[in-house]
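# Structure at a glance
If you want the building blocks of each chain, they are given just below.
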Amino acid sequence: MFLAINIARFHPLFVHLPIGVLIFAALLEFLKWKQKTNAFDATIPVALGFGLLSALFAGASGWLLSTEGGYDEQALWQHKWSGIGLMVLSALLYFAKVSKRSAFQKAYLPLFSLVLLLLGITGHFGGNLTHGSDYLFSTNQDTAPTVVDLEKAAVFPTMIEPILKAKCMSCHNPGKAKGDLVMTTPQALLVGGKTGSLFDFESPAKSELLRRVHLPLTDKKHMPPKGKIQLTEEEISLLLWWIENRACTDCLVETMKNRASVESILAKYQVSTETIPTLDVPVIAATSLVELKAKGLKVNRLSAESNLLIVNLSNQKQIDPSAVKALKKVGENVVELNLANASFSDIFPSLLSAMPHLQKLQVQRTEINAATLKPLGKMEYLSSLNVYGTNLTDEAVEILEALPALKKLYCWDTKMTATGIAALQKTKPTLDINYGLSEDLFGDSKLNPPTLATTARIFTDSMVIKFNTNVKNARFFYTLDGTEPDTTSLLAKDSFYLKKSAILKVIAVAKSWGKSPVTTANFLQARINVKSAKLAKAPHSSYAGKGAKSLIDLENGTLAFSAGNWIGYQGENLTTTLRLEAVDRVEKVFVSSLAAPNSWIFFPKQIKVWTSMDGKQYDLKATQNYSPPQATDQAAIQYFDLNFPPTMAKFVKVKVFSLLKNPIWHPAPGEACWIFVDEILLQ
Amino acid sequence: MKKIIEKRALKLNRRAFLSKSAVGLGSAALASLFGMSFFSKNKKGIITENAGGANGILDALHHPAKVKRVIYLFQSGGPSQLELFDYKPLLNKRRGEDLPESIRKGQRLTGMTAGQDRFPLVGSFANFKQHGQHGAWISDLLPYTAKIADEICIVKSMHTEAINHDPAITFFQTGSQQPGRPSIGSWLSYGLGSENENLPAFSVLLSRGTGRPDGQPLYSRLWGNGFLHSLHQGVPFRSAKDPVLYLNDPAGIDRASRRRMLDKLSELNTKHFEDFGDPEIESRIAQYEMAYRMQTSVPELMDIEKEPDHIYKMYGPDSMTPGTFAANCLLARRMAEKGVRFIQLYHMGWDQHDNLPKAIEKQAKDVDQASAALVMDLKQRGLLEDTLVVWGGEFGRTNYSQGILTDTNYGRDHHPRCFTIWLAGGGVKPGLVYGETDEFGYNITKNPAHVHDFQATLLHQLGIDHERLTYKYQGRRFRLTDVEGHVMKDILV
């Protein structure tokens, strides 16, 4: 039995032998008659004999296959008996050919015609059996159905049935009904097959329908069977979604639950609004395109093999009359025209009149008016129109309203009024009008805070403070007492003279920008002149600056700490002694220091100040501790001031204590860290 | 005419023959590619570049194009997806815990963290909120990008093969980690030609970020033409007085004498070409001509003085400082209006191995407003529908801290397995968030998109089948996507 079934399965293969061989024999007979030759006389009987033999084989295997069942009785009956008839007739045909009897010879030709006819009929019935009786005349197997309104689309006929039809019904139809399952009607689907119901509404993913689909391809229960076209991921998702909705056969998309999982798939059913209508336009020869290009025109096909053209004349100052003529000649083919910023708006009307099939037109930043756009009235395909940056007024609204296909309109920066736009929107509610951006998108944009031209923050008599900003025609308002500046504060065009220590706060103000954020800087006036300075120990050779002189040169360093104004020590404290020009009253010491945690540089931990009259006997005047650095600290420069009761002094000694080691949170904890000082001031 | 050519060919002496062979047999093919169609004699008998607009190798597009130009805002250094787009609260919850090996799955590391004995997970210091109709998660570091969430398509599932900057950028720009192949813009110039004969079809604008001002430099070969004709290389525009170097006439030379000089030079070069047939000679002639035309077109392009205040306000205050990313975005829009095919911006400084929180804040501020402004400015001018804007770097950053993790500070190393880019404009689904990563933000769990897929998609939008734009060199047909790449249909309209 096992062997028998295997032979039976060869039926679909065997059947093609008699078909081919018998037609071949017919061909030879035809040639023999046509060419009046005897060359095939020996071959024809062989062909007919082989045809008979293969027909017997095909018939036998077919009989065996029919015992497997699962076929529509009527269709099977038709195929079986026409096949048997064909076997008998081909046997008769063979004997008619080889027979010497004239009666048989006379019957030969009619018999042959009959065999060929029956061959066709049997083959057709066989095809009906495997592919379904409507296979031959059904069309559009590949094009998925589309809908205009997705929400109102019926799910089963639009999305589910086509899948079943394409992938399942060829075996599960009333004619074939493999596994006693028929899938051609909603009722039959609910009935299910030999293994029971197709659906499990409690746990949809475990439904028999989907279980079969998810079995390994090699499993013989896998559906569709190996070798047939398989379901795609999208189709499986759709089926699952449908079963989740209790395999509803009359639901609309909007009434179904769990949309999220299939949203993107559903979107494909929506008729694309951008499909290019098939236009009946003249063929554009390659040579005529070359001619157009030779005239300096940027003309291109929409794509290879398309006769639709895209023309780009944007930014052109002039156009040759002969080029215009040539363009008009192919006007019917032009679907996209770009005239943006073109200077020859006087010829736009005649150009546009020649291009009735335009879908996209760009005339932004040109000298157009409503009259220029008159020819648009005839354009039934125009869907995108760009008129931004023109002097177009509300006069154009009427023309725009009349455009049947218009979907997008760009009319920012025109003379069209809000009323005109509103009227247009009212008549064309689906028109996407771009009328500029909403103010809340970028309206809060602020100027950058002004910057100071100099990095120096110390001076003796006076200094010029110069402000910078990157906006033109800005004015600067500043205060010197630490209060927030506004437009009633002191005004500077771009600079002013500073004559005493101050906390400077400044804003820039510019037309249409308003006020910038505040920039703050502390300026110090050094009242006491220091004659010389001495360092207790030489600084690190890489950061020695100009030696001790750097500390009293009234020049500040910047965050670019290798530039030369800084004195740096690694893993050591800094001690310096300053000698004044003359004995003076000292009450305040400023130490300017740098922190750059990434570069292992930190502010001081502690500063001590001593004074002396003779340079030998020093009295401790002030000690100040500072909080340890935090991981969040950024690179910065800061003044540390120490106050003490006024003292007459000739010498001042300052000791700046370093952290000595990187703090525990630092990427290199415990390593020797740096202390940087660029200036020490006395007051 | 044919006779003359044959005569000429016979005249080729041994030396010329050998030097021609040295250029390679490909030159013969090249000469036929460019020689006849690309150059035509003008009235004066001088060979000039065909002024006929599109002069690329493709006669026509493979399919109708969705976009006519591309603006690529390349964020060089590898922006951290975890601080900008890929919201992973789990990383905050499990802060400081080691990255499980079940997630890392043997991912190779750079030399910078390979020596680290632990990989402490760290979540974003910046807060995230949902924006737009589709509720895209965008960090507070990008307030303006968040405002245009409905205009952009965020792809969270990009992945690449390279783990260090140069190979990764080279891979993104040329389709190969090894240098030597043409950049995307060069491929487009080769395939589609120029829409404006007065400006290069492939223009490059560079800016340095404030996040890491001393970050990796970029090599000019990133906008190189590789084995393509050198006409197709990108032209960098500088922010300084001379936007394009060596373009200005020296003092005392006026335009007429420049013209006469070029004509004479061209005659000589043409003669040389007829003798030797080296296509680079033609390239040189064409480039001289292009430079001559650029002498007027570039100053006009770079003259942004007349841009109104509200446009500067859109792009942000930095746009008034030449050379910043914001100023370059504004220039990019002006180039787009002039028909430049491929506008490549590079913004350096995203390589935040340490001190990431502070650095990325500044870096994001550099680009956020201007990127959003560019998209919206194109939109209000009706150009967004046929322009593709791309924003993204060469790879992402790790979900664990490089260096010691403190309460407020951390860094992130390079991560090739997942990162985020966004696209906006013609033919890309606006408001879409595509692809997903796991809770750790380490592996892709849905819709992975490879660099080659991105490149295939970019070409697709321009009407090019990425498998059919090829160039035969050294016996092999090369293409941008090498032997891979699938168009990311899911993100396209």
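The present account deals with the structure reproduced in this document. All figures in this text were calculated on a predicted structure; none of them were measured in a lab.

### A few points about the overall build of chain B
A count of helices and strands for chain B gives 15 helices and 19 strands. Buried residues in chain B amount to 52% of all 493 residues. Relative to all contacts within chain B whose residues are 6 or more apart in sequence, the contacts with residues 24 or more apart total 77%.

### Considering the overall build of chain A
The helix and strand tally for chain A stands at 17 helices and 24 strands. In terms of overall size, chain A is more extended than a compact globule, its C-alpha atoms giving a radius of gyration of 48 Å where 683 residues would be expected to give roughly 26 Å. Referenced to the eigenvectors of the C-alpha coordinate spread, the extents of chain A come out at roughly 155 × 75 × 55 Å.

### Looking at the interface of chain A and chain B
Facing 40 residues of chain A, the contacting portion of chain B comprises 41 residues. Elements that contribute at least two residues to the side of chain A that touches chain B include exactly helix 12 (286-294), strand 1 (298-301) and helix 17 (439-442) of chain A. The biggest single contributor to the side of chain A that touches chain B is strand 1 of chain A, with three residues. The residue inventory of the side of chain A that touches chain B, partitioned by class, reads 16 nonpolar, 19 polar and five charged.

### As for the nonpolar core
Within the largest apolar cluster, 136 residues are counted, with the highest numbers of intra-cluster contacts made by Cys 153, Val 155, Ala 332, Val 375, Val 389 and Leu 423 of chain B. Sort the elements by how many residues they give to this core and helix 14 (residues 356-380) of chain B lands first, with 12 residues. For Val 155 of chain B, the contacting residues outside a window of four places in its chain are Thr 420, Ile 421, Trp 422, Leu 423, Tyr 434, Gly 435, Ala 449 and Ile 491 of chain B. Membership of the second largest hydrophobic core comes to 43 residues, among which are Leu 302, Leu 352, Leu 385 and Leu 400 of chain A.

### Let's talk about helix 10 (residues 233-244) of chain A
Because an α-helix packs 3.6 residues into every turn, residues spaced three or four apart end up facing the same way. Residue and element names in this part refer to chain A. Between its first and last C-alpha, helix 10 extends 16 Å over 12 residues, near the 16 Å set by a 1.5 Å rise per residue. All buried positions along helix 10 are accounted for by Leu 238, Leu 239, Trp 241, Trp 242 and Ile 243. Those residues of helix 10 that are buried lie in contact with helix 7 (155-167), helix 9 (208-214) and helix 11 (263-267). Positive backbone phi, at 55 degrees, marks Arg 246, one or two positions downstream of helix 10.

### Considering the pairing of strand 10 (residues 463-468) of chain A
Residues and elements named next belong to chain A. Direction of pairing for strand 8 (residues 451-452) relative to strand 10: antiparallel, over a ladder of two bridges. Note on strand 10: the bridge partner recorded for Thr 451 is Asn 468. Here strand 10 pairs with strand 13 (residues 495-498) via four bridges, running antiparallel. Residue pairing in the sheet places Ile 465 in a bridge with Phe 496 of strand 13.

### As for the packing of helix 3 (residues 16-35) of chain A against helix 6 (residues 102-131) of chain A
Residue and element names in this part refer to chain A. For the pair helix 3 and helix 6, the least separation of the axes is 11 Å and the interaxial angle reads 150 degrees. In this view, helix 3 runs roughly antiparallel relative to helix 6, as classed from their interaxial angle. Crossing handedness for the pair helix 3 and helix 6: left-handed. Between helix 3 and helix 6, the residues in contact are Ile 19, Leu 22, Ala 26 and Glu 29 and Phe 112, Val 115, Leu 116, Leu 119 and Gly 123, respectively.

Parameters at a glance
Per-chain numbering applies: the sequence of each chain, read as written, is numbered from 1 onward. Chain A is the first chain written and ligand 1 is the first ligand written, with later ones labelled in order. The model is predicted, so local features are restricted to residues of pLDDT at least 70 and side-chain atom pairs to those at 80 or more, both for listing and for counting; the totals for chains, interfaces and linings are taken over all residues. A run of H or I in DSSP counts as a helix once it spans at least four residues, and a run of E counts as a strand once it spans at least two, with each numbered from the N terminus. Counting other C-beta atoms within 10 Å of each residue's C-beta, where C-beta atoms are placed from the backbone, gives the exposure class: buried for 20 or more, exposed for 12 or fewer, partly exposed between. Placing a C-beta atom from the backbone of each residue, one calls two residues in contact when those atoms lie within 7 Å. Using C-alpha atoms as the atom set, the radius of gyration is obtained and then compared with a globule rule of 2.2 Å times the number of residues to the power 0.38. Asp, Glu, Lys and Arg are counted as charged, while Ala, Val, Leu, Ile, Met, Phe, Trp, Tyr, Cys and Pro are counted as nonpolar; the rest, among them Gly, fall into the polar class. Any set of buried Ala, Val, Leu, Ile, Met, Phe, Trp, Tyr and Cys residues joined through C-beta atoms within 7 Å is what this text calls a nonpolar core. Multiplying 1.5 Å by the residue count of a helix minus one yields the expected span of that helix. Here, any two strands with at least 2 DSSP bridges between them count as paired. Lines fitted to the C-alpha atoms define the axes, with helices restricted to the stretch that makes contact. Angles between their N-to-C directions range from 0 to 180 degrees. The labels follow the angle: roughly parallel below 35 degrees, roughly antiparallel above 145, roughly perpendicular from 65 to 115, and oblique for the rest. Should the near helix be turned anticlockwise from the far one by less than a right angle, the crossing is left-handed, and should it be turned clockwise, the crossing is right-handed.

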